[in-house]
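Residues per chain are reported as follows:
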Amino acid sequence: MELRHLRYFVAVADELSFTRGAEKLRIAQPSLTRQIRDLETELGVRLLDRTKKKVNLTKEGEFFLERAKRLIGFSVEMVQSVHELDHKTSHTVNIGYVANPFHGVLPASLTAFEKEFPDISINLFGIPPEEQISAVKAGKLDIGFVGLFDPSYNADVQFLVVGSYKAVALLPKTSPHGKRALVRLKDLAQNFFVAPSEKCYPGYDRWFTAICNKVGIRSKIVQVYDSDSDLIQSIRSGLGIALLPDQIKNVPHENVIIRNITPPALFSSTIVWKRDNPSSGLKAYLQVVTKITTGKNAKERRSGHA
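Thresholds, definitions, all that
- Residues numbered from 1 in each chain as written.
- Predicted model: local features only at pLDDT ≥ 70, side-chain atom pairs only at ≥ 80, totals over all residues.
- Heavy atoms only, no water.
- Phe/Tyr/Trp six-rings, centres within 6.5 Å; stacked < 30°, edge-to-face > 60°.
- Helix = DSSP H or I, 4+ residues; strand = E, 2+ residues; numbered from the N terminus.
- Buried < 20%, exposed > 50% of the residue type's maximum accessible area, 1.4 Å probe, protein only.
- 1 Å grid on protein atoms, 1.4 Å probe; cavity = no way out; pocket = protein on both sides within 12 Å on 5 of 7 lines; lining within 4 Å.
- Points joined across faces, edges and corners; volume = space filled by probe spheres on them.
- Nonpolar A, V, L, I, M, F, W, Y, C, P; charged D, E, K, R; others polar.
- Contact = heavy atoms within 4.5 Å.
- Polar contact = N/O pair within 3.5 Å; in protein donor to acceptor, adjacent residues only side chain to side chain.
- Salt bridge = Lys/Arg side-chain N within 4 Å of Asp/Glu carboxyl O.
- Axes fitted to C-alpha atoms, helices over the stretch in contact; angles between N-to-C directions.
- Parallel < 35°, antiparallel > 145°, perpendicular 65-115°, else oblique.
- Left-handed = near helix turned anticlockwise from the far one by under 90°.
- Patch = residues over 30% accessible without salt bridge, like charges linked within 9 Å, V, L, I, M, F, W, Y side chains within 5 Å.
- Areas by Shrake-Rupley, 256 points an atom, 1.4 Å probe, with all protein chains shown as cover.
- Pairing = 2+ DSSP bridges.

Draft legend 1. How the structure looks around the packing of aromatic side chains. Evaluated as defined, the whole model comprises nine aromatic pairs. Here the aromatic rings of Tyr204 and Trp207 are separated by 5.6 Å at their centres, their planes lie at 40°, and the arrangement is tilted. One end of the pair, Tyr204, and the other, Trp207, are both in helix α7 (residues 204-215), three residues apart, so they sit about a helical turn from each other. Ring geometry for Tyr204 and Phe208: centres 6.2 Å apart, planes at 15°, overall stacked. In this pair, Tyr204 and Phe208 both sit in helix α7, four residues apart, roughly one turn of the helix. Phe208 carries the same exposure label as Tyr204, and that label is buried.

Draft legend 2. Region of the structure containing empty space enclosed by the protein. In this structure the tally under the stated criterion is one cavity of 30 Å³ or more. One number sums up the size of the largest cavity: a volume of about 40 Å³. Lining the largest cavity we find Leu185, Leu188, Phe193, Phe208, Ile211, Cys212, Val215, Ile217 and Leu243. Among the elements that line the lining of the largest cavity, the one with the most residues is α7, at four residues. Grouping the amino acids of the lining of the largest cavity by side-chain chemistry returns nine nonpolar, no polar and no charged.

Draft legend 3. Structural context of the environment of Ser197. Looking at the secondary structure, you find Ser197 in the loop between β8 (193-196) and α7. For Ser197, a relative accessible area of 7% puts it in the buried group. The sequence separation of Ser197 and Leu231 amounts to 34 residues, and the corresponding C-alpha distance is 9.7 Å. Sequence-distant contacts of Ser197, that is, excluding residues within four places in its chain, are made with Val224, Tyr225 and Asp226. A distance of 2.5 Å separates polar atoms of two side chains, one belonging to Ser197 and the other to Asp226.

Draft legend 4. The arrangement of the pattern of salt bridges in detail. By the definition in use, this model includes 11 salt bridges. Connected through shared salt-bridge partners, Glu66, Arg67 and Arg70 make up one network.

Draft legend 5. Broad picture of the side chain of Ser75. Mapped onto the fold, Ser75 is located in helix α4 (residues 59-90). The exposure class of Ser75 is buried, given its relative accessible area of 13%. Polar contacts involving the side chain of Ser75 include one to the main-chain carbonyl oxygen of Ile72, which spans 2.6 Å.

Draft legend 6. Region of interest: the packing of helix α1 (residues 3-15) against helix α2 (residues 18-25). Where α1 meets α2, the axes come as close as 8 Å, and the angle between the chain directions of the two elements is 130°. Judged by the angle between their axes, α1 and α2 are oblique. Classified by chirality, the crossing of α2 by α1 is right-handed. The residues of α2 that touch α1, namely those facing Arg7, Tyr8, Ala11, Val12, Asp14 and Glu15, are Phe18, Arg20, Gly21, Lys24 and Leu25.

Draft legend 7. Just the side chain of Asn277, in detail. Tracing the backbone shows Asn277 in the loop between β12 (266-274) and α9 (280-303). Within the structure, the side chain of Asn277 is placed 3.1 Å from the side chain of Asp142, a separation counted as a polar contact. When neighbours within four sequence positions are excluded, Asn277 is seen to be in contact with Asp142 and Leu282.

Draft legend 8. Representation of a nonpolar patch on the surface in the model. Together, Leu3, Leu71, Phe74 and Met78 make up an exposed nonpolar region whose accessible area comes to about 380 Å². With three residues, α4 is the single largest residue contributor to the nonpolar patch. Position of Met78 relative to the elements: it lies in helix α4.

Draft legend 9. Spotlight on the pairing of strand β6 (residues 157-172). When β6 meets β12, the two strands line up antiparallel, connected through nine bridges. Bridge pairing in β12 places Lys166 opposite Leu266. Taken together, the four bridges between β6 and strand β10 (residues 242-245) define a ladder with antiparallel strand orientation. Residue pairing across strands places Ala167 opposite Pro245, the latter belonging to β10. With five bridges connecting them, β6 and strand β11 (residues 256-262) associate as antiparallel partners. For Leu170, the partnering residue across the bridge sits in β11 and is Ile258.

See the structure below:
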């Protein structure tokens, strides 16, 4: 017995006519008659009394009709609920992030997205980058802002670099290197370095090692900090120097000198999402992010910074 058998029976029972039932269902009457007969055979009872002039429900038919309508109604409600859930899911974007200066694109994209897609909701979750990757793969997050974290080894996710930020050196006011407008990285080799923690700047340690290898120096990070303010305080106290993105200029840095470095180096900001995520909300958000990133890169090229 299938749902179509129930629909066929209900149509005939409501009309008390095979002819009108067939017209209502838009099927041939002989086919409808055969389907009802098959249903009765499977149930082992007669649901309809037929004569040449009329069709009546048997007692069993009345009992079956009530429950058949209930089951059909439930099936319709179930399908509608699934569609509503799909609509709701597609119209919500869950975003993971780690708060640090890399994410200038995040607030800009949220503002632009709200204007362009006001009917799609955004949920933000502050989550470490490795947990973001797992959540994206599990479908719990639609997209993750993972900073310097490199997801390129992971075949299950796609990634996009949405920003590049110039690296600068942060020096104590007493540093002799502060007298120069441009500091060579090789000249900093004998200094102690302090750095943000992986929790604050995911991927920093890997980035720092690559930069040192590039210029052929061996420098060691002696202390890491979970906040920019603590990091700057350590530099101010003369405990070490640091390399950070130039957005750090926006953080109060009294008695700390910020200098450009040579050779130049860049920090990147990366977003990730699951390759087979079908969410229309995610697609809409990626459109906004791509538009912002493309516009930002074009502006940098015109100003000669890229």
